[in-house]
Amino acid sequence: MMKINKFLIRKFGSPSVLSWETVVIEPPTASEIQVRLTAVGVNFIDIYLRKGLLPVSASFPLGIGVEGIGEVVAVGDKPSRFKVGDKVACIGGEPSCYAEIINFSSERAILLPEELDDEYVAAAMFKGLTAEYLINRCVSVQPNQTVLWHAAAGGVGQIAIQWLKSMGAVVVGTVSTKEKAQQALENGCNEVVITSEQNFEDVVKNVTAGKGVDVVYDSVGKDTFSRSLKCVKQRGTMVLFGNSSGSVDSFNPAVLGSQGSIYLTRPSIAHYTGDPRDLQTGANAVFAAIREQRFKIKDINRYALEDAASAHQALENRLTMGSTILYPSNYT
């Protein structure tokens, strides 16, 4: 046993509830590996957990963090496909990655290609997996189809838009500032809407000659949901995969029929990567997309692991573009 530092949550709330504590970590169990983390990805799902917007099976105190990259430092007794020194990604499972060292299920760990550095993988892995399942498996976007993507300059948005463009899709993106609009255009958006200056419904009508888009990807939720539905073409699809502005509390399904027999889905990455085989399939697709340069990571916001509260505050207030990474102080 040894002592490590990690974040725990003892109540839900603002970034101030993140508690940096020294705890004892046990040796890995037979089916686990022990990983010294070198980079930790920050994702909106972490904010949802911190605020109490996700169902949790454990009691307080809770860990936090669904994405960590690092080096295997110990292996459990059960025969494993990993060995000490391997570089791995720890994705999903019980949130715990805001830590210096973690024990992680060897079944869910992903062996990383040697050519990818830790920072790049931490910036790309979870967000890349999210983009992959949304555009390939949740809805299989086809060449020349038109997509509306909200929060186009965010971590998932930047990856997804580049990937969609490589597939031949037409993309309308929404952003909150002129700076983010420029980034979204550089990533491949055909049209960008600054939401404080324009109505994205009007832009969609112009781009699609009034027909609407094939797919809307909406991670904003409450502030955009009803207007997003109006942008979907007849028998098109509305994908609500987040709620950064708040949850959609009430909805009449009859609206889907009156607006053109629209399909509505509320997917979760947990259901697309919960099976280790699906997780590996998604990871292989992300690695292939990186090798084929379907997307590149352009913006990385860097924080010390101990400063996770500041990272949350910046992300929650939409002050960032691209991916946000935490670095444990034990990494040199």
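These numbers were taken from a predicted model, which means no experiment stands behind them.

Draft legend 1. Up close: the overall build of the chain. A count of helices and strands for the chain gives 10 helices and 15 strands. The C-alpha atoms of the chain give 20 Å as radius of gyration, which agrees with the globular expectation for 332 residues (20 Å, within 12%). Structurally, the chain occupies a C-alpha span of about 65 × 40 × 35 Å along its principal axes. In the chain, which comprises 332 residues, the proportion classed as buried is 53%. Considering only residue pairs separated by 6 or more positions, the chain has 67% of its internal contacts joining residues 24 or more positions apart.

Draft legend 2. Examining the nonpolar core more closely. Judged by nonpolar contacts, the single largest core of 58 residues is most densely connected at M125, I135, V141, W149, W163, Y217 and F295. If one sorts the elements of this core by residue count, helix α2 (residues 118-138) sits on top with 12 residues.

Draft legend 3. Expanded view of the packing of aromatic side chains. Counted under the stated rule, the structure contains 9 aromatic pairs. Centre to centre, the rings of F7 and W20 are 4.8 Å apart; their planes meet at 50°, and the pair counts as tilted. Of the two residues, F7 is situated in strand β1 (residues 2-9) and W20 in strand β2 (residues 18-25); the sequence distance between them amounts to 13 residues. Overall, the relative accessible area of 30% leaves W20 in the partly exposed class. A centroid spacing of 4.9 Å and a plane angle of 65° characterise the contact between F12 and F60, whose relative ring orientation is edge-to-face. Pair noted here: F12 is in the loop between β1 and β2 and F60 is in the loop between α1 (44-51) and β4 (67-75), with a separation of 48 residues, a long-range link. Residue classification places F12 among the partly exposed positions, given a relative accessible area of 33%.

Draft legend 4. Local environment of the pairing of β4. Inspection of the sheet shows strand β3 (residues 32-42) paired to β4 by 7 bridges, in the antiparallel sense. Counterpart to R36 in the pairing with β4 is E71. Note: β4 against strand β5 (residues 87-91), 5 bridges, orientation antiparallel. The partner of E71 across the bridge, within β5, is K87.

Draft legend 5. Region of the structure containing the sheet that holds strand β12 (residues 232-240). Pairing in this open sheet of 6 strands is parallel, and the strands run β10-β9-β8-β11-β12-β13 from one edge to the other. With partners counted over all chains shown, the strands left at the sheet margins are β10 (191-194) and β13 (263-265), one partner each. Strand-to-strand twist in this sheet, taken as the mean axis angle between neighbours without regard to direction, amounts to 15°. For strand β8 (residues 146-149) and strand β9 (residues 170-175), the ladder comprises 4 bridges, and the chain directions are parallel. Opposite V147, over in β9, you have V171 as the bridge partner. Across the sheet, helix α5 (residues 200-207) is in contact with β8, β9, β10 and β11 (213-218); its angle to β10 comes to roughly 165°.

Draft legend 6. Fine view of empty space enclosed by the protein. Under the counting rule described, the total for this entry stands at 1 cavity of 30 Å³ or more. Contributing to the lining of the largest cavity are G155, Q158, I159, Q162, K296, I297, K298, D299, G322 and S323. By residue number, the principal contributor to the lining of the largest cavity is helix α3 (residues 155-166), which donates 4 residues. Taken together, the residues of the lining of the largest cavity break down into 2 nonpolar, 5 polar and 3 charged.

Draft legend 7. View of the layout of surface pockets. Volume-wise, the second largest pocket comes out at about 160 Å³. If you go around the second largest pocket, the residues you meet are I4, K6, V23, V24, I25, E26, E32, S96, A99, I101, I102 and N103. Of all elements in the fold, only β1, β2 and β6 (101-105) reach the threshold of two or more residues within the lining of the second largest pocket. Grouping the amino acids of the lining of the second largest pocket by side-chain chemistry returns 7 nonpolar, 2 polar and 3 charged.

Draft legend 8. Here's a closer look at unusual backbone geometry. In this chain, F60 is followed by P61 through a cis amide linkage whose omega measures 0°. On the secondary structure map, P61 appears in the loop between α1 and β4. Positive phi is not limited to glycine here, since A151 has a value of about 60°. The topology assignment puts A151 in the loop between β8 and α3. We classify A151 as partly exposed; its relative accessible area is 33%. A positive phi angle, near 55°, is found at A209, a position not held by glycine. Positionally, A209 belongs in the loop between α5 and β11. Since its relative accessible area comes to 67%, A209 is described here as exposed.

Draft legend 9. Broad picture of α1. Within α1 the residues assigned to the buried category are D46, I47, Y48, L49 and R50. Those residues of α1 that are buried are in contact with β1, β2, β3 and α10 (308-316). Positive phi appears at G52, one or two residues downstream of α1, with a value of about 85°.

Cut-offs applied
Residues numbered from 1 in each chain as written. Predicted model: local features only at pLDDT ≥ 70, side-chain atom pairs only at ≥ 80, totals over all residues. Heavy atoms only, no water. Helix = DSSP H or I, 4+ residues; strand = E, 2+ residues; numbered from the N terminus. Rg over C-alpha atoms; globule rule 2.2 N^0.38 Å. Buried < 20%, exposed > 50% of the residue type's maximum accessible area, 1.4 Å probe, protein only. Contact = heavy atoms within 4.5 Å. Core = buried A, V, L, I, M, F, W, Y, C linked by side-chain atoms within 4.5 Å. Phe/Tyr/Trp six-rings, centres within 6.5 Å; stacked < 30°, edge-to-face > 60°. Pairing = 2+ DSSP bridges. Axes fitted to C-alpha atoms, helices over the stretch in contact; angles between N-to-C directions. 1 Å grid on protein atoms, 1.4 Å probe; cavity = no way out; pocket = protein on both sides within 12 Å on 5 of 7 lines; lining within 4 Å. Points joined across faces, edges and corners; volume = space filled by probe spheres on them. Nonpolar A, V, L, I, M, F, W, Y, C, P; charged D, E, K, R; others polar.

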